[in-house]
Amino acid sequence: MKRVPLYSRTPERTRTFTVGAPNSSPHAEPAPQAEGDDPPGVLSRTGQRLRGSLRRHERWAWATLALTLATVLGWPTWTRNERQIPSFEQIDSAMRESIAKEPLAAAAAHAYEAVIGSVVRVVGEQPPERPDPKEGEERRSVGTGVGIVDKGLILTNLHVVHGASRIRVTFWNGLESDATLVNMQPENDLAVLQAATLPDDLEPATMRSTGGLRPGDEVIAVGYPFGIGPSTSQGVVSGLKREFRSPEGKRILTNLIQFDAAANPGNSGGPLVTMDGNVVGIVTAIMNPTEARTFIGIGFAVPIENAATAAGLPPF
């Protein structure tokens, strides 16, 4: 009887096994391979390469993210270390240089420019037969007026021209002219003048209703205080519908605009102007409980509605 060997030795050239397959045996039969497929060993090596490439890209992505975060979080520290805090002198110099290049626009200056072409100086000369004035008084009164019609109608205070034998007005460009009293409204201390000679570029003032006027609104008073001018002062509307009684008790004015822009003798009859350049009142009085005729913080103006009525203009 022929003895069967316990194992058979297969030549090296006939051994087949799957490369990289776990638990593969040199005696295992090769897996069936479909037509067109790569050999199993090739697929395994490709997968390993892909996994390795993905791991490398993932490491690069994390490294890039860490570097970006470190840069962003560290930037304020770097800039603080490198940036120098400017001194007060440097800040002041930079601000002065900036203002010199672009000066700040002043609303009061714009309002003044809008109305100055219609502001006039008013002088009422008293007649020679008037008794000698008291000490400190003059034979003439100086005030202010504002042109409201291009034909030469001028609004002012009645007490500036009352009893004057001659009235003269001086326009902003220096032109002087005689003027006549054409209308008056004693209850509001208003007078309307007509200038005999007019400048070629007379600009009547723009008037605005006081309906929307409120305490706290900014205003300017333009005129000739103590004959100096034209001058302007800035303040706010302090109140509405005020009443004023003259020191002698002879005059009581009502429904007045109270304001705190500086006004003195000579401002009487001048315009009270809003920041948009519109006239809302005619300055008529200042309050001072002492004998001094100077401003202490309270002035009054007649609303422009009353002034327009005195001039024969339609109400707002």
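Residues numbered from 1 in each chain as written. Predicted model: local features only at pLDDT ≥ 70, side-chain atom pairs only at ≥ 80, totals over all residues. Heavy atoms only, no water.

1. Considerations on the overall build of the chain
Step number 1: Across its full length, the chain carries five helices and twelve strands.
Step number 2: By the burial criterion, 34% of the 316 residues in the chain qualify as buried.
Step number 3: Across the chain, every contact between residues at least 6 apart in sequence was considered, and the portion connecting residues at least 24 apart equals 59%.
Step number 4: Total accessible area computed for the chain in this model is approximately 20600 Å², and 56% of it derives from carbon and sulfur atoms. (Helix = DSSP H or I, 4+ residues; strand = E, 2+ residues; numbered from the N terminus. Buried < 20%, exposed > 50% of the residue type's maximum accessible area, 1.4 Å probe, protein only. Contact = heavy atoms within 4.5 Å. Areas by Shrake-Rupley, 256 points an atom, 1.4 Å probe, with all protein chains shown as cover.)

2. Notes on the confidence of the model for the chain
Step number 1: Per-chain confidence: the chain averages 79 in pLDDT, with 66% of residues scoring 70 or above.
Step number 2: Every residue in residues 10-28 scores below 50 in pLDDT, and together they form eleven contacts with partners more than four places removed in sequence or on other chains. (pLDDT = per-residue confidence, 0-100.)

3. What about the sheet that holds strand β3 (residues 153-157)?
Step number 1: Spatial strand order, β1-β2-β3-β6-β5-β4: six strands in a closed barrel with antiparallel pairing. For this sheet, the mean inter-axis angle between neighbouring strands, taken without regard to orientation, is 40 degrees.
Step number 2: Relative to strand β2 (residues 140-147), strand β1 (residues 119-125) runs antiparallel, the two being bridged by seven bridges. Within the sheet, the bridge partner assigned to Val122 lies in β2 and is Gly143. (Pairing = 2+ DSSP bridges. Axes fitted to C-alpha atoms, helices over the stretch in contact; angles between N-to-C directions.)

4. Comments concerning the sheet that holds strand β12 (residues 299-303)
Step number 1: Read once around its circumference, the closed barrel built from six strands follows the order β7-β8-β9-β12-β11-β10, with strand pairing classed as antiparallel. Each neighbouring strand pair of the sheet contributes to a mean axis angle of 50 degrees, computed without reference to strand direction.
Step number 2: Alignment of strand β7 (residues 218-223) against strand β8 (residues 231-245), held across six bridges, turns out to be antiparallel. Considered in β8, the bridge of Ile220 is made with Gln234.
Step number 3: Relative to β7, helix α3 (residues 107-115) is tilted by about 45 degrees, and along the sheet it contacts β7, β8, β10 (271-274) and β11 (279-286).

5. Some points on the side chain of Thr144
Step number 1: Inspection of the secondary structure puts Thr144 in strand β2.
Step number 2: Taking relative accessible area as the criterion, Thr144 reaches 0% and is therefore assigned buried.
Step number 3: Among the polar contacts made by the side chain of Thr144, one reaches the main-chain carbonyl oxygen of Gly266 at a distance of 2.6 Å. (Polar contact = N/O pair within 3.5 Å; in protein donor to acceptor, adjacent residues only side chain to side chain.)

6. Re α3
Residues spaced three or four apart along an α-helix face the same direction, because each turn holds 3.6 residues.
Step number 1: Of the residues making up α3, those classed as buried are Ala108, Ala111 and Val115. With its buried residues spanning 60 degrees around the axis, α3 presents them on a single face.
Step number 2: As for α3, its buried residues are in contact with β1, β7, β8, β10 and β11. (Arc of directions from axis to C-beta.)

7. Quick word on the pairing of β10
Step number 1: Here β10 shows no split at all, with Pro271 and Val273 on one side and Leu272 and Thr274 on the other all buried.
Step number 2: For β7 and β10, the ladder comprises three bridges, and the chain directions are antiparallel. Looking across to β10, one finds that Val219 is bridged to Thr274.
Step number 3: By the bridge criterion, three bridges tie β10 to β11 in an arrangement that is antiparallel. Within the sheet, the bridge partner assigned to Val273 lies in β11 and is Val279.
Step number 4: Counting the residues in the hairpin turn of β10 and β11 gives four residues, including Gly277, whose phi is positive at 85 degrees.

8. A few points about unusual backbone geometry
Step number 1: Following Gly229, the chain continues into Pro230 via a peptide bond in cis, with omega recorded as 5 degrees.
Step number 2: Within the secondary structure, Pro230 is located in the loop between β7 and β8.
Step number 3: Phi is positive for Phe226, which is not a glycine, with a value near 55 degrees.
Step number 4: Its place among the elements puts Phe226 in the loop between β7 and β8.
Step number 5: Phi at Lys241 is positive, roughly 55 degrees, even though this residue is not glycine.
Step number 6: By secondary structure assignment, the location of Lys241 is in strand β8.

9. Brief notes about the environment of Thr284
Step number 1: Mapped onto the elements of the fold, Thr284 is located in strand β11.
Step number 2: Distance in space between the C-alpha atoms of Thr284 and Asp189 is 7.3 Å, their sequence separation being 95 residues.
Step number 3: With residues up to four places along the chain from it excluded, the contact list for Thr284 reads Asn157, His159, Asp189, Leu253, Leu256, Ser268, Phe300, Ala301 and Val302.
Step number 4: Polar side-chain contacts of Thr284 include one of 3.3 Å to the side chain of Asn157.

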